[in-house]
Amino acid sequence: PVIDYDMALFLAPMEMAGAVLGVIIQKLFPNWLFLTIAALVLAFTSYKTYVKFFATYKKEKAARAEMHRRETMAESKHSTVGADDEADATATEACDVTNED
C-alpha cells in the first residue's frame, strides 16, 4: 500500500505531542529565545541529515562503481571468448581448404 498505517500510528502521537510542547515552550520563553532554540534544532537535524546523506551517497557510488567494473569485466570476457572462437573457426576453415588440394 501507498500509506504505511503502522508508521502513521507510530508517528501521529509523537507529532501531536511535539506540537503541544512547542506551543507551551513558545508561551513560556521570549520570542528571541524560542527562535534561537528552534534554529539550533533545525541546524542540528540538517547536519545529521547531511551526514547520513553523504555516507549513503558514498556507499551507493562505490556499489555502482563495483557493478560497472563487474559488467565491464564480463563484457570483455565475452568479447574475448567470441574473438577466440572466430579465430579458431577461421583457422579450421583454412586447414580444410588446404587439405582439399
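To be clear, the structure that these remarks concern was listed above.
The structure displayed is predicted, hence computed values, not measured ones.

Next up on the list: the overall build of the protein. Of regular secondary structure, the protein possesses 2 helices and 0 strands. Buried positions account for 0% of the 101 residues belonging to the protein. Carbon and sulfur atoms make up 69% of the accessible area of the protein, which amounts to about 9,400 Å² in all.

Counted under the stated rule, the structure contains 2 salt bridges. A salt bridge links Arg69 to Glu66, with the shortest nitrogen-to-oxygen separation between them at 2.5 Å. Of this pair, Arg69 and Glu66 both sit in helix H2 (residues 31-100), 3 residues apart, which is roughly one turn of the helix. For Glu66, the salt bridge identified is with Arg70, shortest N-O distance 3.1 Å. Residue Glu66 and its partner Arg70 are located together in helix H2, separated by 4 residues, close to a single helical turn.

Quick look at the packing of aromatic side chains now. One pair of aromatic rings is described through two measures. These are the centre distance and the angle between the planes. Under the criterion given, the structure shown has 3 aromatic pairs. Ring centres of Tyr50 and Phe53 lie 6.4 Å apart, and the angle between their planes is 45°; on these two criteria the pair is classed as tilted. Residue Tyr50 and its partner Phe53 are both found in helix H2; the two are separated by 3 residues, about one turn of the helix. Assessed through its relative accessible area of 48%, Phe53 is described here as partly exposed. Note on Tyr50 and Phe54: the rings are 6.1 Å apart at their centroids and 20° apart in plane angle, and the pair reads as stacked. With Tyr50 and Phe54 both in helix H2, this residue pair falls 4 residues apart, about one helical turn. Through a chain of ring-to-ring contacts, the aromatic side chains of Tyr50, Phe53, Phe54 and Tyr57 assemble into a single cluster.

A contiguous nonpolar patch, built from Val20, Ile24, Leu28, Phe29, Ile37 and Val41 and spanning about 540 Å² of accessible area, is present on the exposed surface. Elements supplying a minimum of two residues to the nonpolar patch: helix H1 (5-28) and H2. The dominant element in the nonpolar patch, judged by the number of residues it contributes, is H1, at 3 residues. As for its placement among the helices and strands, Val41 is situated in helix H2.

Criteria and thresholds
Residue positions are given per chain, counted from 1 along the sequence in the order it is written. Residues qualify for local features only when their pLDDT is at least 70, as the model is predicted, and side-chain atom pairs are given and counted only at 80 or more; totals for whole chains, interfaces and linings, by contrast, use all residues. Just so you know, side-chain values use all the structure's heavy atoms and leave hydrogens and water out. Helix numbering and strand numbering both begin at the N terminus, where a helix is a DSSP run of H or I of at least 4 residues and a strand a DSSP run of E of at least 2. Throughout this description, buried means an accessible area under 20% of the type-specific maximum (1.4 Å probe, protein chains only), exposed means over 50%, and partly exposed covers the range between. With residues, only the protein chains shown are counted as cover, and all accessible areas are computed by Shrake-Rupley using a 1.4 Å probe. A side-chain nitrogen of Lys or Arg and a carboxyl oxygen of Asp or Glu constitute a salt bridge if their distance falls within 4 Å. Pairing of aromatic side chains here covers Phe, Tyr and the six-membered ring of Trp, requires ring centres within 6.5 Å, and sorts the geometry by plane angle: under 30 degrees stacked, over 60 edge-to-face, intermediate tilted. Patches were defined on residues exceeding 30% relative accessible area and lacking a salt bridge, with like-charge contacts within 9 Å and nonpolar side-chain contacts (Val, Leu, Ile, Met, Phe, Trp, Tyr) within 5 Å.

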